[in-house]
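Structural characterization, general
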Amino acid sequence: MDKHDVARILEDIALFLSIQGENPFKVRAYQNAARSIEDIDEAIETLIAENRLKDVPGVGDKIRWKIEALVLKGSLPFYEKLKKEVPPGLLELMDVPSLGAKKVKQIYDAFEIQSVEQLVEACENGQLSTLKGFGPKTIENILRNIENLKAYGKRMLWWDAKKLAYAMREKLSKLKQVKKVEIAGSFRRKLETVGDLDFLVASNDPEFVMNWFSKQPSVEKVQARGPTKSSVRLKGGLQADLRVVPEEEFAYALLYFTGSKDFDIFLRQRANQLGFTLNEYGMQPLLGKRKKNPVCKTEEAIFQSLKLSYIPPELREGAASIDAAEKGKLPKLVEEQDLRGTFHCHTADSDGHNTLTEMAAAAEELKWEYLGIADHSKSSYQANGMDEKRLFNQIDRIKEINQSRKFKVYLLAGLECDILNDGTLDFPNEVLKHLDYVITSVHRSFKMSEKEMTARLIKAIENPFTTMIGHVTGRLLLRRDPYLVNLPKIIDACIANGKIIELNAYPSRLDMDWRFWHHAAEKGLMCSINPDAHSTDELQYCSAGINCARKGWLEKKHILNTFPLAKVKSYLLENKQNTH
DNA sequence: GCCGTTTTCGGCCCGACTGTTTTCAGTCG
């Protein structure tokens, strides 16, 4: 049982307790503990063994004992008892928007409804409307929300949402009634997937802006509409919220609506400690406190009055960045213009769309100093993987291009080499030694046990010719789960062997996940941001990788492809020399 | 159930919107 399982069970316990009508603060205590557990970046067994679970914020004695029972014994009687008392179907009902613990309990107590199907039936046959508080509109909403949940319950990749978001922002910014506009929420925090878009506008004429917004051709349905806030569903299913505020409140509203929710809570608690109350409209002294009322026009100023340095949106996920901001120890995050090249690009020699020279020209246009070509190896026959002959031919052509000095960009001869089932590589070291670098990746046999997969990867990491591990968990966001692998062990093995883990910037991969980078880089892991480009256009995926790297607290010094060419060459050469 | 530089008890972020009811509870973010 790992931390995710523990966190999920704590979340479930919170839901069960809320359905039972427990004290809402007790419910929140379990939710807080779940979040804290999710945030820890060590093996939970280690924390227990070293008696450090008590240091995790939000975990007191009672919850700690429960976590220890879960991890050490594999079960928790308290949780089993709750599962018996509260039918598990009620958790599914809690997923329906507009249904919370109170209503779910109410309909269960009245009619023993414990599944979405039963609920639909009760709505349609009029049973539900006999309950207090369930008028015709409530019933209609429940039915529509169930429909939406089935059709649109999914999130969207940040990269895909970007087009919709920027187009709407552009149109809003052109209205003369609009003084400022920003996209807030998880989109601004650059989360890899988003569930909705939050537009924030400063205007003196909210009525006009709301009307304009709800009548946009991209709006499929208006779901809620008040004087300063409306909520719509866009064509394609994504929900979008618009909030209109006076210009003087804009900074406070932007801070608030950027979230995350947890981050906002921590900030408000901090404001309280300093004698203020903070909300989306401003910051006031708490009752009875003799304090001056700070007026802030920017987020920077608000952070300042909270005695914090400015925290970039990407880092607003939990309390860690607040601690760092308090101590003046926030990282200087990597930026897109820091990139001087990249390493994981395919050409028409395997399954890419463009030739070597086309890719080189595109990289030159990006003002990069170097471009690493890493086509597939022979076992990836589905991707037209290269055999030795074709590989050597490609290496020769790369040398020719470099010698011709036709491009300002320098091409590096690499390979995306398959990791076979037993952890050996697709080519012998005799072949690999002719390359500038080698990315090793798993492309098949995903369904191994965690133990087998971890051993397989570690064997590849220990191969002297491996430079970096490609898309380390194989996940495809919103489509395929990561394969089972013990990432902390992989990270440690890479550090011990001087190997890099790539940050695969393909928008549906973003693998390794940003949640692991902060701690891993601190321990000494090196990163490389690689677009996994299969065409010249896809080189721009690097910017999705930058988003993820920033969320992972990475700075220039952690990322190989921010180094100038000479330093990259010596880095790669040094790694090869260690192979003797 | 957690937590503590006024506290080991009494707080716990805070406001908008909806629907149903005439002053509020529930849900959401």
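Quantities reported herein were computed from a predicted structural model and do not represent experimental measurements.

As a further point, take the pairing of strand E6 (residues 229-234). Within E6, five of the six residues are buried, which leaves it mostly tucked inside the rest of the structure. Bridging between strand E5 (residues 219-225) and E6 involves five bridges; their strand directions are antiparallel. Among the inter-strand pairings, arginine 225 is bridged to a residue of E6, identified as serine 230. A loop of three residues connects E5 with E6, the two strands running antiparallel in sequence. Sheet analysis places E6 next to strand E7 (residues 239-245), joined by five bridges and oriented antiparallel. Each residue of the ladder has a partner; that of valine 232, found in E7, is alanine 240. Between E6 and E7, which follow one another and run antiparallel, lie four residues, and glycine 236 among them has a positive phi close to 100°.

Turning our attention to the domain arrangement of chain A. When the domains of chain A are assigned, the result is domain 1 (3-152), domain 2 (156-245), domain 3 (257-326) and domain 4 (336-577). Computed over C-alpha atoms, the centres of domain 1 and domain 3 are 30 Å apart.

Around DNA strand B there are 48 residues in total, and Arg28, Ser98, Gly135, Tyr256 and Arg268 lie nearest to it. For DNA strand B, the backbone makes up 73% of the atoms found within 4 Å of the protein, where backbone means sugar plus phosphate. One nitrogen or oxygen atom from the side chain of tyrosine 281 is found 2.6 Å from a phosphate oxygen belonging to DNA strand B. At the level of elements, helix H2 (24-39), helix H4 (61-73), helix H7 (101-111), helix H9 (136-152), E5, helix H14 (261-273) and strand E8 (276-278) are the ones that each hand at least two residues to the surface near DNA strand B. Broken down by class, the residue content of the surface near DNA strand B amounts to 18 nonpolar, 15 polar and 15 charged.

Definitions and cut-offs
Residues numbered from 1 in each chain as written. Chains lettered and ligands numbered in written order. Predicted model: local features only at pLDDT ≥ 70, side-chain atom pairs only at ≥ 80, totals over all residues. Heavy atoms only, no water. Buried < 20%, exposed > 50% of the residue type's maximum accessible area, 1.4 Å probe, protein only. Helix = DSSP H or I, 4+ residues; strand = E, 2+ residues; numbered from the N terminus. Pairing = 2+ DSSP bridges. Domains from an automatic or database assignment. Near = heavy atom within 4 Å. Polar contact = N/O pair within 3.5 Å; in protein donor to acceptor, adjacent residues only side chain to side chain. Nonpolar A, V, L, I, M, F, W, Y, C, P; charged D, E, K, R; others polar.

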